[in-house]
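Listed below, chain by chain, are the residues.
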Number of protein chains: 2
Amino acid sequence: MIKAYKKDCNYSYTAGFFPTFELINNKKDKLRCIYVSSNSKSSSGYLKLLQLVDNRKIIFSDNIFSKLKEKDNDHIIGVFDKYEEELEPNLPHVVLVNPSDMGNLGNIMRSMLAFNYLDLAIITPSCDRYNPKTIRSSMGACFSIRQELFSSFEDYLNKYRKEYFPFMLQAKNYMHEIKKPLDNNYALVFGNEASGLDISYLNKQAIKIEQSDKVDSLNLATAVVLALYDFKFNKN
Amino acid sequence: MIKAYKKDCNYSYTAGFFPTFELINNKKDKLRCIYVSSNSKSSSGYLKLLQLVDNRKIIFSDNIFSKLKEKDNDHIIGVFDKYEEELEPNLPHVVLVNPSDMGNLGNIMRSMLAFNYLDLAIITPSCDRYNPKTIRSSMGACFSIRQELFSSFEDYLNKYRKEYFPFMLQAKNYMHEIKKPLDNNYALVFGNEASGLDISYLNKQAIKIEQSDKVDSLNLATAVVLALYDFKFNKN
C-alpha cells in the first residue's frame, strides 16, 4: 500500500471519480493502480471504472483513505507515476514564474483547459505541481496540460524563443488596448502571487489589466483567466 | 460584548485591518465599535486606525477573538449595523439569482469593485451577504458595492427595467461575438452555482462563454469576472 504523498515520492494520486477518470483517459500508461473502498462497489462511478481499466489494476481497501487523509467522499484513489513532458513549440504557452500556491496552480490549469491552452511552463522554485492538492484544484485538468519545468526564464526562452507578454503592474499597455497576436507563437508570462514579475521582465509588450485602484491587484488565477480569454477571443 | 454572528443578528463584523479600513472609509455611519487585542496596540495598523476613528469607538479585548472564532492574525474586529441600500438606476447592474456560496459571493463583489461595477441585485433565497465569511471573501469590497435584495427577478425588472443579458449554457450567442451595449442601461444576470438559470430566462440576448467541452462549466465567480471585463473593455 502506498504512503501519504511527499514531494520526493515518484508517484502521486488523484482522489474522487472525476479526476481519476481524467487520469485514466489522458495518462493511462502512467496509471499504477486504483484503490476503491468496498462500499463504493455499488456506485455508478465504479461500473464506469470497470469499463475503462483492466480490473487487475483495481485494489479494494478501506483504510487507505484514512491513511492518506483524503477527505474525498467518493472513496476512490488513482495512483500514477510522475512523468516529464515537453511543451508543443507551435502552440501558445503560459509561463508561471515561481507560483507558490497549489490551489492557484491547479485552478490555472483548469482555466487553461477551458480555453484550450495546453502548454504550461513553470519556472522553479515553485509549489509542487504533483501534490494531490494541486491535482484536486485542477479537477484533473493537469492530465491534459503539458507541463515543463525550467530553472530560469532564460532557459525557457532559449528553448522556445516565443514572443512573450509579461503581465506586470509597471507595464504601460492595457490588455484590452493591445493588438493580440494572430499566430500561436506567443507566451503569456505571470509572476509569483505576492511579488509579481521583477523589473527585468519589463519590455515593450508588457501588459497590465485595467482595474480600479480601490482593490489590491487581481488574484493570480483571476488575472490568468482574463488573459487567456482576451488573447483567445479579442484579437482586435 | 457581541456574540458570534448568526443570520438574524442586526449586526455583523469584519476581521483584520484591511476590511475594517474599508468599512470605516465607506460606511463610517454604520460602525458600532472596533475590538482590538492588547498586543496589536503597537502595530502600524493600530496607529492608522487612531487617525480614522474616534477612539471612544475602540474597545480593547483579548477574548473576543476566541469567542467569535475568527482566525484573523491582525486581532481587530469592526462591528457594524446591517443596512439596506437601493441600486443606482443609471449604472450597469450585476444580478445574482440564488447564489449559494458565500466565498463566491464575496469574490464577485471584489471583482465588481475591480472593474467598477458598483450595483449588485441579489435574488433570494441566497446565501447570507452579511455573514463574516462573505465579508472576508470580498476583502471589504462589500462596503463599496450597493446591494439590493429581491424576492424574484420579476420584482427586480419591475423596479429597474434594464436590458438584461442572462448567462446560460443553452444560449446561442457567444459572449465574445455579441455587440456590447454602449450605454449603462444593462444588467448581467447569473444563476445559482449548481443549477444555473432556468429556461424561463432564455431570451434573444442570452449569452454563453465559449469554452472547451473538456471541462465542466466555469466556476460562477470566474464566469462573472470574465463577463465584467468583456462588457467593460470589449465593446466591439
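Data block above holds the structure.
If you're wondering where the values come from, they're calculated on a predicted model, not measured in any experiment.

*Asks:* So what's going on with the state of the cysteines? Which residues, and what values?
*Replies:* Evaluated as defined, the whole model comprises 0 disulfides over all chains. Here Cys142 of chain A stays unpaired: no disulfide links it, and the sulfur of Cys127 of chain A, its closest cysteine neighbor, is 12 Å away. With a relative accessible area of 5%, Cys142 of chain A lands in the buried category. As a non-bridged cysteine, Cys9 of chain B has Cys33 of chain B as the owner of its nearest cysteine sulfur, 13 Å distant. When its relative accessible area of 15% is taken as the criterion, Cys9 of chain B is described as buried.

*Asks:* How would you sum up the pattern of salt bridges? Please name residues and give values.
*Replies:* Note on pairing: side chains with opposite charge can pair once their charged atoms come close. All names here are of chain A. Tallied over the full model, the rule gives 18 salt bridges over all chains. Two residues, Lys30 and Asp29, come together in a salt bridge whose shortest N-O distance is 3.6 Å. A relative accessible area of 61% means that Asp29 is categorised as exposed. Linking Asp81 and Arg32 is a salt bridge whose minimum nitrogen-to-oxygen distance equals 2.6 Å.

*Asks:* How would you sum up the packing of aromatic side chains? Please name residues and give values.
*Replies:* Inspection of the entire model under this criterion finds 39 aromatic pairs over all chains. An angle of 55° between the planes, with centres 5.9 Å apart, marks the rings of Phe80 of chain B and Tyr130 of chain B as tilted. Remark: Tyr130 of chain B occurs in the loop between strand S6 (119–123) and helix H5 (132–137) and Phe80 of chain B occurs in strand S4 (residues 76–81); sequence separation between them is 50 residues. Considered together, Phe80 of chain B and Tyr130 of chain B belong to a single accessibility category, that of buried residues. The lysine or arginine in question, Lys232 of chain A, covers the ring of Tyr117 of chain A, its NZ or CZ lying 5.6 Å from the ring centre.

*Asks:* Quick one: what's the story with the packing of helix H4 (residues 102–114) of chain B against helix H7 (residues 220–233) of chain B, residue by residue and with numbers?
*Replies:* All names here are of chain B. At a closest axis distance of 9 Å, the pairing of H4 and H7 adopts a crossing angle of 15°. Overall, the two elements H4 and H7 adopt an arrangement that is roughly parallel. Every pair of crossing elements has a handedness; the one defined by H4 and H7 is right-handed. Residues Asn104, Asn107, Ile108, Ser111 and Met112 of H4 form the contact with H7, whose participating residues are Leu220, Ala221, Val224, Val225 and Leu228. Residue composition of the contact of H4 with H7, by class: 7 nonpolar, 3 polar and no charged.

*Asks:* Got a sec to walk through the side chain of Ser37 of chain A? Specific residues and values, please.
*Replies:* Residue and element names in this part refer to chain A. Position of Ser37 among the secondary structure elements: in the loop between strand S2 (31–36) and helix H2 (44–52). Overall, the relative accessible area of 1% leaves Ser37 in the buried class. One polar contact links Ser37 to Asn39, side chain to side chain, over a distance of 2.8 Å. Once residues within four sequence positions are removed from consideration, Ser37 is found in contact with Phe60, Ser61, Asp62, Phe65 and His75.

*Asks:* For the interface of chain A and chain B, give the residues involved together with the corresponding values.
*Replies:* Taken together, the contact between chain A and chain B spans 27 residues of the former and 27 residues of the latter. Of the roughly 2,400 Å² buried at the junction of chain A and chain B (both faces included), carbon and sulfur atoms supply 64%. Looking only at chain A, the three residues that lose the most surface to chain B are Lys214, Tyr229 and Phe233 of chain A, adding up to 22% of its buried area. Scanning the region where chain A abuts chain B turns up 0 salt bridges. Seen at the junction of chain A and chain B, the total is 10 residue pairs in polar contact (both at pLDDT 80 or more). Of all the secondary-structure elements, those providing two or more residues to the side of chain A that touches chain B are helix H1 (17–26), helix H4 (102–114) and helix H7 (220–233) of chain A. Here the side of chain A that touches chain B gets 6 residues from one element, more than from any other, and that element is H7 of chain A.

*Asks:* Let's hear about the sheet that holds strand S7 (residues 146–150) of chain B: which residues, and what values?
*Replies:* Strands in a sheet are paired, the pairing made by backbone hydrogen bonds, and the direction either parallel or antiparallel. All names here are of chain B. Ordered in space as S7-S6-S5-S10-S8, the 5 strands form an open sheet in which the pairing is parallel. Pairing within the sheet leaves two strands with one partner each, and these edge strands are S7 and strand S8 (163–166). Within the sheet, the average angular offset between the axes of one strand and its neighbour, ignoring direction, is 25°. This element, H7, spans strand S5 (93–97), S8 and strand S10 (186–190) of the sheet and lies at about 160° to S10.

*Asks:* Mind laying out the pairing of S2 of chain A, listing which residues take part and the relevant values?
*Replies:* Residues and elements named next belong to chain A. Taken across its 6 residues, S2 has 5 buried, putting it largely inside the fold. Sheet topology places S2 next to strand S4 (residues 76–81); 5 bridges connect them, and they run antiparallel. Bridge pairing in S4 links Val36 to Ile76. With 3 bridges connecting them, S2 and strand S3 (residues 58–60) associate as parallel partners. The partner of Val36 across the bridge, within S3, is Phe60. Tracing the backbone out of S2, into H2 and back to the parallel element S3 gives a crossover that is right-handed.

Reading the values: rules and limits
- Residues numbered from 1 in each chain as written.
- Chains lettered and ligands numbered in written order.
- Predicted model: local features only at pLDDT ≥ 70, side-chain atom pairs only at ≥ 80, totals over all residues.
- Heavy atoms only, no water.
- Disulfide = S-S within 2.5 Å.
- Buried < 20%, exposed > 50% of the residue type's maximum accessible area, 1.4 Å probe, protein only.
- Salt bridge = Lys/Arg side-chain N within 4 Å of Asp/Glu carboxyl O.
- Phe/Tyr/Trp six-rings, centres within 6.5 Å; stacked < 30°, edge-to-face > 60°.
- Helix = DSSP H or I, 4+ residues; strand = E, 2+ residues; numbered from the N terminus.
- Lys NZ or Arg CZ within 6 Å of the ring centre and 35° of its normal.
- Axes fitted to C-alpha atoms, helices over the stretch in contact; angles between N-to-C directions.
- Parallel < 35°, antiparallel > 145°, perpendicular 65-115°, else oblique.
- Left-handed = near helix turned anticlockwise from the far one by under 90°.
- Contact = heavy atoms within 4.5 Å.
- Nonpolar A, V, L, I, M, F, W, Y, C, P; charged D, E, K, R; others polar.
- Polar contact = N/O pair within 3.5 Å; in protein donor to acceptor, adjacent residues only side chain to side chain.
- Buried area = accessible area lost by both parts, 1.4 Å probe.
- Pairing = 2+ DSSP bridges.
- Right-handed = clockwise from strand over helix to strand, strands pointing away.

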